[in-house]
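A look at the structure
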Amino acid sequence: MTIGTPRAYELCGALCFVGRRDRAFSRLAELSGAEPGDRVLDVGCGTGCLTRHMAARVGRDGSVTGVDPSPPVLDYARGRKPRSGSARCAYQEGIAESLDQPDASYDTVVTSLMLHHLPEDLRPTALREMHRVLRPGGRLLVVEFRPPKSAIGRHLVHGGAGRAMAHHQVDLLDDLIADAGFEVSGHGDVRPWLYYVQARRTGQ
Ligand SMILES: C[S@@+](CC[C@H](N)C(=O)[O-])C[C@H]1O[C@@H](n2cnc3c(N)ncnc32)[C@H](O)[C@@H]1O
């Protein structure tokens, strides 16, 4: 399931985050642990909101690549200017479950609101791909939507964004990430709707 209408997605994002999207994504960039000069990959980058925040975080000496299967969102992302002092953002067409990127070629991999778009049986494959492209010691940040607890809240999300989002089981994420070979180092919530997991690729 890809996003075909980037402007509608942006509008929806602004509404769903009640004007706090930039603040939330800036916090996510901080939580990624990326450092100035890092090479960063954003898997399922969409319109590039997190990609641009990562570019600001790693600065001019860093590099950030966003990958997404949807040409319209990539075109939209290419048209947005990163903040001054940011790394350049490059965007490529691609899919999480079979990344074109070489082994061990990134210091940090981030992925936000993407995993629930994949069929369940492809999620472990996508996480193993993120493990493959990270250098040993590299960091992973996975961000997902935490569905509301109330039945009515889930019903509304189901109507607006579909079943996968309304019933996403974020509590299973930590184990899924560990099973892909990562060492999970932290997790938590970013208001209003986001759950994140921080992990590292250990070993060689
Ligand atoms: C809800 S959007 C999230 C976009 C962005 N990461 C954000 O947080 O705003 C999900 C994105 O995942 C992308 N996507 C869907 N299937 C994918 C796949 N197999 N591999 C990578 N990305 C995929 C969609 O095209 C879409 O841009």
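Note that the coordinates shown come from a computational prediction; the quantities given were computed from them, not determined experimentally.

Another point: the overall build of the protein chain. Counting its secondary structure elements, the protein chain contains eight helices and seven strands. Against the 2.2 N^0.38 benchmark of 17 Å for 204 residues, the protein chain shows a C-alpha radius of gyration of 16 Å, consistent with a compact globule. Overall size of the protein chain, expressed as C-alpha extent along the three principal axes, is 45 × 35 × 25 Å. Long-range contacts, defined as pairs at least 24 residues apart, comprise 71% of the intrachain contacts of the protein chain with a sequence gap of at least 6. Here the protein chain displays about 10100 Å² of accessible surface, and carbon together with sulfur accounts for 51% of that area. Seen as two clouds, the 26 positive and the 24 negative side-chain charges of the protein chain have centres 7 Å apart.

Applying the stated rule across the entire model yields two aromatic pairs. Relative to Phe25, the ring of Phe17 has its centre 5.8 Å away and its plane inclined at 75 degrees; by these criteria the two rings are edge-to-face. Here Phe17 and Phe25 have matching classes, each one buried. Ring centres of Phe145 and Trp193 lie 5.9 Å apart, and the angle between their planes is 45 degrees; on these two criteria the pair is classed as tilted. Placement of Phe145 in strand β5 (residues 134-145) and of Trp193 in the loop between β6 (182-190) and β7 (194-201) is noted, with a sequence separation of 48 residues between them. Under the relative-accessibility criterion, Trp193 is labelled partly exposed at 32%.

So, about the environment of Val133. Checked against the element boundaries, Val133 lands in helix α5 (residues 123-133). In this structure, the C-alpha to C-alpha distance between Val133 and Gln198, residues 65 residues apart in sequence, is 16 Å. With near-sequence residues (within four places) excluded, Val133 lies in contact with Leu41, Leu99, Gln101, Pro102, Asp103, Ala104, Ser105, Tyr106 and Val109.

Right, let's talk about the site of the ligand for a bit. In the vicinity of the ligand there are 20 residues, among which Tyr9, Gly44, Asp68, Ala96 and Ser112 approach most closely. The side chain of Glu97 places a nitrogen or oxygen atom 2.9 Å from a nitrogen atom of the ligand. Broken down by class, the residue content of the shell around the ligand amounts to 11 nonpolar, six polar and three charged.

The next subject is the pattern of salt bridges. In the structure shown here, the tally under the stated rule is 11 salt bridges. Taking the shortest distance from any N to any O, the salt bridge between Arg21 and Glu10 comes out at 3.1 Å. On the criterion of sequence distance, the pair formed by Arg21 in helix α2 (residues 21-31) and Glu10 in helix α1 (residues 6-16) is long-range, its members being 11 residues apart. For Arg21, a relative accessible area of 11% puts it in the buried group. What makes Glu10 buried here is its relative accessible area of 14%. Between Asp171 and Arg146 there is a salt bridge; the shortest N-O distance is 3.9 Å.

Two numbers describe how α2 lies on helix α3 (residues 49-58): the axes approach to 9 Å, and their chain directions differ by 55 degrees. Taken together, the axes of α2 and α3 lie oblique to each other. The crossing of α2 and α3 is right-handed. For the pair α2 and α3, the contacting residues are Arg21, Asp22, Phe25, Ser26, Leu28, Ala29 and Glu30 in the first and Cys49, Leu50, His53, Met54 and Arg57 in the second.

Ranked by size, the top nonpolar core spans 31 residues in total, and within it Phe25, Leu28, Met54 and Leu194 carry the most contacts. Those elements that provide at least two residues to this core are α2, α3, α4 (71-78), β3 (88-93), β5, α7 (163-166) and β7. Apart from residues lying up to four places away in sequence, Leu28 is in contact with Leu50, Leu141, Val143, Val190, Leu194 and Tyr196.

Looking now at α4. Val73, Leu74, Tyr76 and Ala77 are the residues of α4 that are buried. Relative to the axis of α4, the buried residues are bounded by an arc of 160 degrees and lie together on one face.

Reading guide: rules and limits
Residues numbered from 1 in each chain as written. Predicted model: local features only at pLDDT ≥ 70, side-chain atom pairs only at ≥ 80, totals over all residues. Heavy atoms only, no water. Helix = DSSP H or I, 4+ residues; strand = E, 2+ residues; numbered from the N terminus. Rg over C-alpha atoms; globule rule 2.2 N^0.38 Å. Contact = heavy atoms within 4.5 Å. Areas by Shrake-Rupley, 256 points an atom, 1.4 Å probe, with all protein chains shown as cover. Lys, Arg positive; Asp, Glu negative; His and termini not counted. Charge placed at Lys NZ, Arg CZ, Asp CG, Glu CD. Phe/Tyr/Trp six-rings, centres within 6.5 Å; stacked < 30°, edge-to-face > 60°. Buried < 20%, exposed > 50% of the residue type's maximum accessible area, 1.4 Å probe, protein only. Near = heavy atom within 4 Å. Polar contact = N/O pair within 3.5 Å; in protein donor to acceptor, adjacent residues only side chain to side chain. Nonpolar A, V, L, I, M, F, W, Y, C, P; charged D, E, K, R; others polar. Salt bridge = Lys/Arg side-chain N within 4 Å of Asp/Glu carboxyl O. Axes fitted to C-alpha atoms, helices over the stretch in contact; angles between N-to-C directions. Parallel < 35°, antiparallel > 145°, perpendicular 65-115°, else oblique. Left-handed = near helix turned anticlockwise from the far one by under 90°. Core = buried A, V, L, I, M, F, W, Y, C linked by side-chain atoms within 4.5 Å. Arc of directions from axis to C-beta.

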